[in-house]
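Per-entry structural report
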Amino acid sequence: MKDGNNKKFNASGGLGVISSRLTLEGRFQKTRARSSFPPGGRTPTLKISKNENIRNTKLYFYDLNAKANYRLSEKDRLFLSGYFGRDVLGLSGFGLDWGNYTGTLRWNHLFSDRLFSNTSVIYSNYDYQFGIGVTGFDFNVKAAIDDINVKQDFTFFPNAQNTIKFGANFINHTFQPTSLDAGEFSSFKDSKTSQRYAYEGGAYAQNDWKISDRFGLQYGIRYSFFDYHGKGKAYTFDENGIKTSEKDYKSGESIKFYGGLEPRLGLKFQVNESSSIKAGCLGTAPWHLLSNATTASPTDLWVRVRIM
């Protein structure tokens, strides 16, 4: 996601057996813009195979990046960028594909030589699906995640020894856990899990302090939260996994709220020009992966847990 060549049009690329690439960049009037087509393409080697099953295999992927930026004034710049990618695999009686789509609008503003900000609005979508079987006995499973993220970040340079960063962000999650479409004679039945909704966000502040030519200290704190909310139905289970109760929640009504502070501290000692020693500690609440042992990626799920 480079800013691109703002003086003249430029093109570069390459051809390969598995993938090809093309990058275009240039300046359109007063607008500095760049669009690119990084590694991606169809593989031609399958079509020349003597094996009919291999020739009929569907296998391709693509990645598309595009970015444009506009100088509104000496202190303001506007950036628009996007990414679109997909991977598809189709064998006899089996198919799997997944993809990501995201777009970002960012406004950079310079308040002074010591303070500037970035305001970002980001949309992203991830989806996958896989199917097994022949016509009439087949089934197809789909799932997706949609996110809208608003971020506000500031960077402040009070002096040559300190760099202070602070800001906040808010994400609106929409989850489609799974939907199943089954053939007429399949042993499965059509089903669709209702959508899930959640808010996620946080606020942070940190300082990078250059104590001396050899010592550096980074310290900060962040408050993060995750709010699982309706519209939806929540269930209660006993220790044996048996449902004991259920409750309907209205749109936007909080079902379960998680929140907490995430402190961090880091120390760096520069031994010489090529070596340094670093130490740090932090408390965080990251996303962790739940893997399905019976299927391969991308059918894994992410959940949020607390670690200190």
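Residues numbered from 1 in each chain as written. Predicted model: local features only at pLDDT ≥ 70, side-chain atom pairs only at ≥ 80, totals over all residues. Heavy atoms only, no water.

Examining the overall build of the protein
- If you tally the helices and strands in the protein, you get one helix and 18 strands.
- Every one of the 308 residues in the protein was classed for burial, and the buried ones make up 28%.
- Taking as baseline every contact in the protein between residues at least 6 positions apart, the subset at least 24 positions apart corresponds to 49%.
- Accessible surface for the protein amounts to roughly 20100 Å². Of this, 58% is attributable to carbon and sulfur atoms. (Helix = DSSP H or I, 4+ residues; strand = E, 2+ residues; numbered from the N terminus. Buried < 20%, exposed > 50% of the residue type's maximum accessible area, 1.4 Å probe, protein only. Contact = heavy atoms within 4.5 Å. Areas by Shrake-Rupley, 256 points an atom, 1.4 Å probe, with all protein chains shown as cover.)

Here we look at the environment of E262
- By the element assignment, E262 lies in strand β15 (residues 254–270).
- Sequence-wise, E262 and Y223 are 39 residues apart; in three dimensions their C-alpha atoms are separated by 6.0 Å.
- For E262, the side chain forms a polar contact with the side chain of S224, separated by 3.1 Å. (Polar contact = N/O pair within 3.5 Å; in protein donor to acceptor, adjacent residues only side chain to side chain.)

Brief notes about the pattern of salt bridges
- Overall, the coordinates contain seven salt bridges when judged by the stated rule.
- Note that E262 is salt-bridged to R222, the shortest N-O span being 3.6 Å. Of the two residues, E262 sits in strand β15 while R222 sits in strand β12 (residues 215–229), which places them 40 residues apart along the sequence.
- For E262, a relative accessible area of 7% translates into the label buried.
- Residue classification places R222 among the partly exposed positions, given a relative accessible area of 26%. (Salt bridge = Lys/Arg side-chain N within 4 Å of Asp/Glu carboxyl O.)

So, unusual backbone geometry
- Residue G230 is joined to K231 through a cis peptide bond whose omega torsion reads 20 degrees.
- Within the fold, K231 resides in the loop between β12 and β13 (232–237).

Things to note about the environment of S276
- Summarising the element assignment, S276 is placed in strand β16 (residues 276–282).
- By relative accessible area, which is 35% here, S276 ends up partly exposed.
- C-alpha of S276 to C-alpha of R214: the two residues are 62 residues apart in sequence and 8.9 Å apart in space.
- With residues up to four places along the chain from it excluded, the contact list for S276 reads K268, F269, Q270 and V271.

Section: the nonpolar core
- Of all hydrophobic cores here, the largest spans seven residues; its members are L96, Y128, F130, F139, V141, A143 and L180.
- Of all the elements in the fold, those that place two or more residues in this core are β7 (115–132) and β8 (139–159).
- The element best represented in this core is β8, accounting for three residues. (Core = buried A, V, L, I, M, F, W, Y, C linked by side-chain atoms within 4.5 Å.)

Quick word on a nonpolar patch on the surface
- Together, Y70, L72, L78, L80, L105, W107, V121 and V150 give the surface a local cluster of nonpolar side chains, amounting to about 680 Å² of exposed area.
- Relative to the assigned elements, V121 resides in strand β7. (Patch = residues over 30% accessible without salt bridge, like charges linked within 9 Å, V, L, I, M, F, W, Y side chains within 5 Å.)

Some points on the pairing of β8
- Here β7 pairs with β8 via 18 bridges, running antiparallel. Bridge pairing links F130 to V141 in β8.
- Sheet topology places β8 next to strand β9 (residues 162–182); 18 bridges connect them, and they run antiparallel. Counted as the bridge partner of V141 is L180 from β9. (Pairing = 2+ DSSP bridges.)

Overview of the packing of aromatic side chains
- On inspection of all chains with the given rule, the structure shows nine aromatic pairs.
- One cation-aromatic arrangement involves R106 over F79; the distance from NZ or CZ to the ring centre is 4.1 Å. (Phe/Tyr/Trp six-rings, centres within 6.5 Å; stacked < 30°, edge-to-face > 60°. Lys NZ or Arg CZ within 6 Å of the ring centre and 35° of its normal.)

What about the pairing of β7?
- Pairing of strand β6 (residues 94–110) with β7 involves 17 bridges; the strand directions are antiparallel. Counterpart to G99 in the pairing with β7 is D127.
- Hairpin connection of β6 to β7: four residues between the antiparallel strands.

Looking at the confidence of the model for the protein
- On average, the protein scores 81 in pLDDT, and the residues at 70 or more come to 78%.
- Taking the mean pLDDT of every element in the protein, the minimum, 46, falls on strand β3 (residues 31–42) and the maximum, 94, on strand β11 (residues 196–210).
- Per-residue pLDDT stays below 50 along residues 31–44; that stretch engages in 69 contacts with residues further than four places along the chain or on separate chains. (pLDDT = per-residue confidence, 0-100.)

Quick look at the environment of I122
- The topology assignment puts I122 in strand β7.
- Through-space distance from the C-alpha of I122 to that of R106 is 8.5 Å; in sequence the pair is 16 residues apart.
- Beyond its immediate chain neighbours, meaning those up to four positions away, I122 contacts T102, G103, T104, D147, I148, N149 and K151.

A short note on the side chain of D76
- Structurally, D76 is set in strand β5 (residues 76–91).
- This buried residue, D76, is left without a salt bridge; K75 holds the nearest opposite charge, at 8.0 Å.
- Looking at D76, its side chain comes within polar contact range of the side chain of W107, at 2.9 Å.
- Leave out the neighbours within four places in its chain, and D76 touches Y70, R71, W107, N108 and H109. (Lys, Arg positive; Asp, Glu negative; His and termini not counted.)

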